[in-house]
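Residue-level listing of the chains:
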Amino acid sequence: MQETNVNIRISVRNLVEFILRSGDIDNTKARFEADAMQAGSRLHRKLQKQMGANYSAEVPLSITVPITREDISFELTIEGRADGIIVNNVIREDFSVLIFEEEESNSPEITIDEIKGVYMDISHLTAPEGVHRAQAMCYAYIYATKYSHEKIGIRITYCNIETENLRYFEETFTNEELSAWFDHLVNEYCKWAEWQIKWTEKRNTAIKALDFPFPYREGQKELVTGVYKTILRKKKLFIEAPTGVGKTISTVFPSVKAMGEGLVEKIFYLTAKTITRTVAEDTFHILNESGLPMKVVTITAKDKICILDKPDCNPVACERAKGYYDRVNDAVYDLLTNENDINRDLVIAYAEQHCVCPFEMCLDATLWTDAVICDYNYAFDPNVYLRRFFQNEKQRDYVFLIDEAHNLVDRAREMYSAVLYKDSFLEVKRFVKDKSPKFTKLLDQCNNDLLKLRRDCDEFEVLDNVDGFGLHLMGLMAEYEVFLQENHLLEGGEEVLRLFLDIRHFLNIYEIHDEKYTIYTDYEEEDSFRIKLQCMDPSKNLLTCMERGRSAVLFSATLLPINYYMEQLGGRKEDYAVYAPSSFLPENRIIMIGKDVSTKYTRRNETEYKKILRYIKEFTDAKTGNYMVFFPSYQMLQTIAELAYPELKGVVVQSSSMSEGERELFLQEFVEDPENSRIGFCVMGGIFSEGIDLKSDRLIGAVIVGTGLPMVCNERELFRGYFDEKNGKGFDYSYLYQGMNKVLQSAGRVIRTKEDRGAILLLDERFTQKQYCELFPREWFPNVSVNVDTMRGILDNFWQNAVEVHS
């Protein structure tokens with residue numbers, strides 16, 4: 001038998017939910033337990049304070065169980081916090097000794113209290129939810145065993161978040177009954193724990209023998225060391241690293257080495273786009289081929305992996321949803337014991353074999369894998385974050401590797417914002433008015449609140465608070481829960497559920513909104529009135545999420561200015577920032593600035609457009625090859641494209657709504673060693689300005705038309721005013737940094753490998769101004785200012801030197 005010193009730790013909640021769940025996935029039933037970010041915990045604290053002197057709140061409990069299997073022995077620690085422990089019949093406390101009344105009583109001396117906040121009408125509850133009862137039973141067993149109680153009680157306390165009405169379910173167990181139940185629960189889990197121990201030992205042995213899979217480029221070894229030290233010291237690291245430095249392998253490799261040393265429990269590789277998820281998959285695959293076995297799973301969005309044309313997760317619409325929880329553990333075990341690189345195709349194949357939902361099975365597999373590759377949402381978005389990892393505030397040894405981190409600022413602002421449309425309330429009322437007068441009345445109440453706000457809003461109105469509307473929404477949600485549980489709508493069901501989810505998110509954000517938020521009303525397309533809780537600064541929310549892990553490494557080729565991104569992305573003074581040197585030779589690239597042209601709105605006319613077109617023609621005529629021209633808007637792209645067709649040959653144009661197949665066809669136009677030039681007209685900030693990887697001579701030049709500044713609008717001006725008041729940098733924070741980031745990303749499509757040579761042309765006189773030049777990366781110096789007459793000679797000389805070097 002293999003004796004180990006391994007101790008497997010699992011929370012009470014995770015244990016009971018993993019082993020005891022059963023039945024169907026069913027989106028037609030409202031969630032039983034409230035998902036409120038703060039409402040539930042606030043309610044817990046309020047109830048706990050009201051319970052009296054014989055009530056102890058948030059009591060940490062744990063038990064370590066020695067496990068002996070056929071060929072291995074280990075320890076299993078089950079831990080958590082009991083919401084409350086009630087001491088019954090107590091008359092006084094003498095230090096830690098409890099003195100009880102001597103009279104006979106059928107009630108137990110101790111009762112474990114499990115509190116659950118819900119929006120539903122608790123009068124409809126006839127029994128506690130199975131997993132809630134099981135949680136209380138776990139705590140009861142741990143407490144009874146630790147303090148030698150022969151009999152102990154449990155109480156499940158349900159509280160309506162809006163009304164604060166209470167409903168109790170109570171039971172009493174003997175220690176013998178709980179012991180038999182608990183032993184069965186632990187035995188069911190031991191198969192998984194045994195597999196985990198054996199796998200971890202195999203993985204860690206391989207990690208210790210693992211070497212960096214490539215020769216180190218200039219500065220790369222220092223970058224790898226910096227990431228490892230960041231993890232060791234439990235800090236955050238912000239990396240500005242040019243294309244070609246090898247950011248992915250330089251962050252993944254030291255994270256894996258730290259995992260082998262026991263510093264890291266799980267790696268979360270977080271991305272904003274599918275293409276960067278593919279790069280991460282390839283990186284882990286390289287390590288696998290170098291002798292490292294790791295379980296790595298990629299989460300694919302539900303709508304892209306669902307077997308239905310449109311996701312509808314209930315046993316009536318989908319056979320995979322019926323009995324899902326009865327089959328999924330076997331499916332996951334089969335997947336884990338046979339595969340390492342768990343990509344979309346493998347998930348689909350195993351899900352089909354076991355007749356389970358591929359999306360949900362993929363999420364369940366993440367519990368057991370070493371690394372998870374996924375979108376930002378799964379770590380940060382309050383609606384979809386992985387609750388199995390991030391539900392509690394307790395810090396775990398997770399490492400967050402955040403790729404293309406410049407995207408996270410705007411993404412996070414939207415994640416932590418919430419919006420409601422007045423028309424949605426009227427739409428839902430139309431579907432439910434004949435089914436529930438009370439529900440309809442509450443919808444009318446909220447609609448009337450919005451009607452009053454609309455009367456006071458000509459175009460855009462900032463509000464101090466919406467407390468009255470918030471209270472009415474809470475009242476509506478209580479009845480909404482009841483309605484969803486009692487009714488199954490054939491018509492309008494999707495719309496009714498969507499508003500429920502939108503209101504729930506709105507209330508969650510309303511609970512946490514503070515001075516970093518602005519509340520406003522305005523009109524969207526087609527005069528649709530809305531109210532929005534706008535997150536102005538996501539740093540506090542992101543920091544809360546990142547602190548659930550050990551360390552975070554945020555990296556991008558365009559993380560300038562670094563102080564801005566550190567501030568907005570939850571960085572602290574004690575965190576680190578590094579600028580990785582470029583591995584490319586300066587002579588392989590030329591950067592030119594057209595100083596006699598402008599894309600300012602006041603200068604946008606046919607004369608200026610023709611000058612831009614002349615620049616493009618001279619630039620692309622200098623050498624046969626593939627080029628991309630990035631415009632600040634579709635409107636300007638179309639205007640210049642119309643002027644270009646008589647003069648430029650080989651132009652292909654990005655359309656505003658390209659399918660995945662159309663994108664691939666567009667990129668296939670850019671072949672190696674072309675006989676004729678191909679000129680792609682694209683939009684800055686669009687699908688081709690970031691994440692695509694056209695190596696070698698598949699792309700030899702890029703023209704950046706304009707500074708990329710966002711269009712002036714009410715919301716953008718709101719940000720400008722907010723940051724002007726905060727730090728006097730309103731224009732920079734709301735326009736300049738975002739615009740320049742799009743410029744840098746677009747230009748970064750050129751020069752992808754050390755052997756590449758390429759030219760970049762920046763067309764706007766503002767690029768010569770100090771506030772823009774200060775945002776250039778180091779490798780953009782030196783650069784050369786040109787006009788439309790002098791550019792061609794400078795460019796011809798660059799390409800001539802390139803020919804001589806390669807010959």
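Basis of the calculations
Residues numbered from 1 in each chain as written. Predicted model: local features only at pLDDT ≥ 70, side-chain atom pairs only at ≥ 80, totals over all residues. Heavy atoms only, no water. Axes fitted to C-alpha atoms, helices over the stretch in contact; angles between N-to-C directions. Helix = DSSP H or I, 4+ residues; strand = E, 2+ residues; numbered from the N terminus. Parallel < 35°, antiparallel > 145°, perpendicular 65-115°, else oblique. Left-handed = near helix turned anticlockwise from the far one by under 90°. Contact = heavy atoms within 4.5 Å. Buried < 20%, exposed > 50% of the residue type's maximum accessible area, 1.4 Å probe, protein only. Salt bridge = Lys/Arg side-chain N within 4 Å of Asp/Glu carboxyl O. Pairing = 2+ DSSP bridges. 1 Å grid on protein atoms, 1.4 Å probe; cavity = no way out; pocket = protein on both sides within 12 Å on 5 of 7 lines; lining within 4 Å. Points joined across faces, edges and corners; volume = space filled by probe spheres on them. Nonpolar A, V, L, I, M, F, W, Y, C, P; charged D, E, K, R; others polar. Core = buried A, V, L, I, M, F, W, Y, C linked by side-chain atoms within 4.5 Å. Polar contact = N/O pair within 3.5 Å; in protein donor to acceptor, adjacent residues only side chain to side chain. Expected span 1.5 Å × (residues − 1). Patch = residues over 30% accessible without salt bridge, like charges linked within 9 Å, V, L, I, M, F, W, Y side chains within 5 Å. Areas by Shrake-Rupley, 256 points an atom, 1.4 Å probe, with all protein chains shown as cover. Lys, Arg positive; Asp, Glu negative; His and termini not counted. Charge placed at Lys NZ, Arg CZ, Asp CG, Glu CD. Phe/Tyr/Trp six-rings, centres within 6.5 Å; stacked < 30°, edge-to-face > 60°.

**Student:** How should the packing of helix α4 (residues 175–208) against helix α6 (residues 247–260) be read in this particular structure?
**Tutor:** In helix packing, the relevant descriptors are the interaxial angle and the interaxial distance, both defined with respect to the helix axes. At a minimum axis distance of 8 Å, the contact between α4 and α6 shows a crossing angle of 125°. Classified by the interaxial angle, the pair formed by α4 and α6 is oblique. Regarding α4 and α6, the two cross each other, and that crossing is left-handed. Here α4 contributes Arg203, Asn204, Ile207 and Lys208 to the contact with α6, which in turn contributes Val256, Lys257, Met259 and Gly260.

**Student:** Please explain unusual backbone geometry as it appears in this structure.
**Tutor:** Leaving glycine out, the prevailing phi sign among residues is negative, and the prevailing peptide bond configuration is trans. Here the bond from Leu560 into Pro561 is cis, since omega is -5°, no more than 30 degrees from zero. Along the chain, Pro561 turns up in the loop between β19 (551–556) and α20 (562–568). That bond from Phe781 to Pro782 is cis: its omega, 0°, falls within 30 degrees of zero. If you trace the backbone, Pro782 turns up in the loop between α26 (770–773) and β27 (784–786). Backbone geometry places Glu58, a non-glycine residue, at a positive phi of 50°. When its relative accessible area of 30% is taken as the criterion, Glu58 is described as partly exposed. Positive phi outside glycine occurs at Asp673, with the angle close to 50°. Within the secondary structure layout, Asp673 lies in the loop between α23 (660–668) and β24 (678–683).

**Student:** For this particular structure, what's the right way to read the pattern of salt bridges?
**Tutor:** Any two side chains of opposite charge can pair, given that their charged atoms come close. In total, this model carries 41 salt bridges according to the counting rule given. For Glu669, the salt bridge is made with Arg678, and the minimal N-O distance between the two is 2.9 Å. Each of Arg69, Asp71, Glu194 and Lys198 takes part in a single network of salt bridges with overlapping partners.

**Student:** Even after reading the chapter, I still don't get the sheet that holds strand β14 (residues 398–402), so can you show me in this structure?
**Tutor:** Pairing between sheet strands relies on hydrogen bonds along the backbone, with the strands arranged either parallel or antiparallel. Spatially, the 8 strands line up as an open sheet ordered β12-β11-β13-β10-β14-β19-β9-β20, and their pairing is parallel. With partners counted over all chains shown, the strands left at the sheet margins are β12 (341–342) and β20 (576–579), one partner each. Lying on the sheet, helix α19 (residues 539–546) is in contact with β9 (236–240), β14 and β19; it crosses β14 at an angle near 135°.

**Student:** Sorry if this is basic, but what is going on with empty space enclosed by the protein here?
**Tutor:** Where empty space is left in the structure can be found by rolling a water-sized probe over the atoms. What the rule picks out here adds up to 3 cavities of 30 Å³ or more. Taken as a whole, the largest cavity spans an internal volume of roughly 160 Å³. If you go around the largest cavity, you meet 16 residues; those closest to its centre are Thr243, Leu744, Gly748, Glu779 and Trp780. Per-element accounting of the lining of the largest cavity gives the leading share, 3 residues, to helix α25 (residues 730–747). By residue class, the composition of the lining of the largest cavity is 9 nonpolar, 4 polar and 3 charged. Its boundaries defined by the atoms lining it, the second largest cavity holds a volume of some 80 Å³.

**Student:** Please clarify how the nonpolar core should be interpreted in this entry.
**Tutor:** When a protein is soluble and globular, its nonpolar side chains tend to lie buried together. In terms of nonpolar packing, the biggest core is built from 200 residues, with Met361, Phe380, Phe425, Tyr480 and Met628 touching the most fellow members. In terms of residues, this core owes the most to one element, α4, which gives 11 residues. Apart from residues no more than four positions distant in its own chain, Met628 is found in contact with Phe666, Leu667, Phe670, Gly680, Cys682, Phe688, Ile692, Leu694, Leu699, Gly701, Ala702 and Val703.

**Student:** It is not clear to me how the layout of surface pockets should be interpreted in this structure. Could you clarify?
**Tutor:** Its boundaries defined by the atoms lining it, the second largest pocket holds a volume of some 1100 Å³. Elements supplying a minimum of two residues to the lining of the second largest pocket: α14 (408–415), α20, α22 (634–644), α24 (714–727) and α25. For the lining of the second largest pocket, the element with the most residues is α25, which contributes 8 residues. Across the lining of the second largest pocket, the residue classes break down as 21 nonpolar, 14 polar and 12 charged.

**Student:** Mind showing me how you'd approach the pairing of strand β22 (residues 626–631) here?
**Tutor:** Looking along a regular strand, one sees the side chains alternate between the two faces of the sheet. With 6 of 6 residues buried, β22 lies mostly within the body of the structure. Residue alternation in β22 divides its side chains into two sets, Asn626, Met628 and Phe630 and Tyr627, Val629 and Phe631, and both sets are buried. For β22 and β24, the ladder comprises 6 bridges, and the chain directions are parallel. In the strand pairing of β24, Phe630 is matched with Cys682. Note that β22 and strand β25 (residues 701–705) share 4 bridges and pair parallel. Residue Val629 lies in a different strand from β25, and its bridge partner there is Val703.

**Student:** What's the story with the side chain of Thr620 in this structure? I'm lost.
**Tutor:** Assignment of secondary structure puts Thr620 in helix α21 (residues 606–621). The class for Thr620 is buried, based on a relative accessible area of 4%. Side-chain polar atoms of Thr620 contact the backbone oxygen of Ile616, separated by 2.8 Å. Here Thr620 is in contact with Tyr627, Leu648, Ser677 and Ile679, once residues within four sequence places are set aside.

**Student:** Got a minute to help me understand helix α18 (residues 493–512) in this structure?
**Tutor:** Because the α-helix completes a turn every 3.6 residues, residues three or four places apart line up on one side. Under the 1.5 Å per step criterion, the end-to-end length of α18 is 29 Å for 20 residues, consistent within 8% with the ideal 28 Å. Within α18, burial applies to Val496, Leu499, Phe500, Ile503, Arg504, His505, Phe506, Leu507, Asn508, Ile509, Tyr510 and Ile512.

**Student:** Hey, could you run me through a negative patch on the surface in this one?
**Tutor:** Taken together, the side chains of Asp456, Asp458, Glu459 and Glu461 define an acidic patch exposed on the protein surface. With respect to the helices, strands and loops of the structure, Glu459 is situated in the loop between α16 (437–455) and β16 (460–463). Overall, the relative accessible area of 52% leaves Glu459 in the exposed class.

**Student:** What am I meant to see in the packing of helix α17 (residues 467–486) against α18 here?
**Tutor:** The contact between α17 and α18 brings their axes to 10 Å, and the two run at 140°. With respect to their mutual orientation, α17 and α18 come out oblique. In this structure, the crossing between α17 and α18 has a hand that is left-handed. Residues Asp467, Phe469, Gly470, Leu473, Met474, Leu476, Met477, Tyr480, Glu481, Phe483 and Leu484 of α17 lie in contact with α18, whose contacting residues are Val496, Leu497, Leu499, Phe500, Ile503, Arg504, Phe506, Leu507 and Tyr510. Residue classes in the contact of α17 with α18 are distributed as 16 nonpolar, 1 polar and 3 charged.

**Student:** How should I be thinking about the sheet that holds β24 in this particular structure?
**Tutor:** Ordered by their spatial adjacency, 7 strands build an open sheet running β23-β24-β22-β25-β26-β21-β27, and the pairing between neighbours is parallel. Where the open sheet ends on each side, the last strands, each with one partner, are β23 (651–653) and β27. In this sheet, neighbouring strand axes are inclined to one another by 20° on average, regardless of whether the strands run parallel or antiparallel. Bridge count for strand β21 (residues 589–594) against β27 is 3 bridges, and the pairing is parallel. Each bridged residue has a counterpart across the sheet, and for Met592 the counterpart in β27 is Val784.

**Student:** I tried to follow the side chain of Thr230 on my own but got confused; where do I start?
**Tutor:** Residue position: Thr230 is located in helix α5 (residues 220–232). When near neighbours in sequence (up to four residues on either side) are disregarded, Thr230 contacts Lys235, Lys236, Leu237, Ser551, Ala552 and Tyr576.

**Student:** For this particular structure, what's the right way to read the packing of aromatic side chains?
**Tutor:** Two descriptors summarise a pair of aromatic rings, namely the distance from one centre to the other and the angle between the planes of the rings. Under the counting rule described, the total for this entry stands at 47 aromatic pairs. Between Trp195 and Trp368, the aromatic rings sit 6.5 Å apart at their centres with planes inclined by 75°, giving edge-to-face as the arrangement. Residue Trp195 is located in helix α4, and its partner Trp368 is located in the loop between α11 (358–365) and β13 (371–375); the two are separated by 173 residues in the primary sequence. Overall, Trp195 belongs to the buried group, its relative accessible area being 13%. A centroid spacing of 5.7 Å and a plane angle of 50° characterise the contact between Phe666 and Phe670, whose relative ring orientation is tilted. A network of ring pairs unites the aromatic residues Phe18, Tyr189, Trp192, Trp195, Trp199, Tyr333 and Trp368 as a single cluster.

**Student:** I tried to follow the environment of Cys457 on my own but got confused; where do I start?
**Tutor:** Tracing the backbone through its elements, the reader meets Cys457 in the loop between α16 and β16. C-alpha separation for the pair Cys457 and Met477, spaced 20 residues apart in sequence, amounts to 26 Å. Residues in contact with Cys457, not counting those within four places in the same chain, are Thr521, Asp522, Tyr523 and Phe529.

Purely geometric numbers; function is a separate question.
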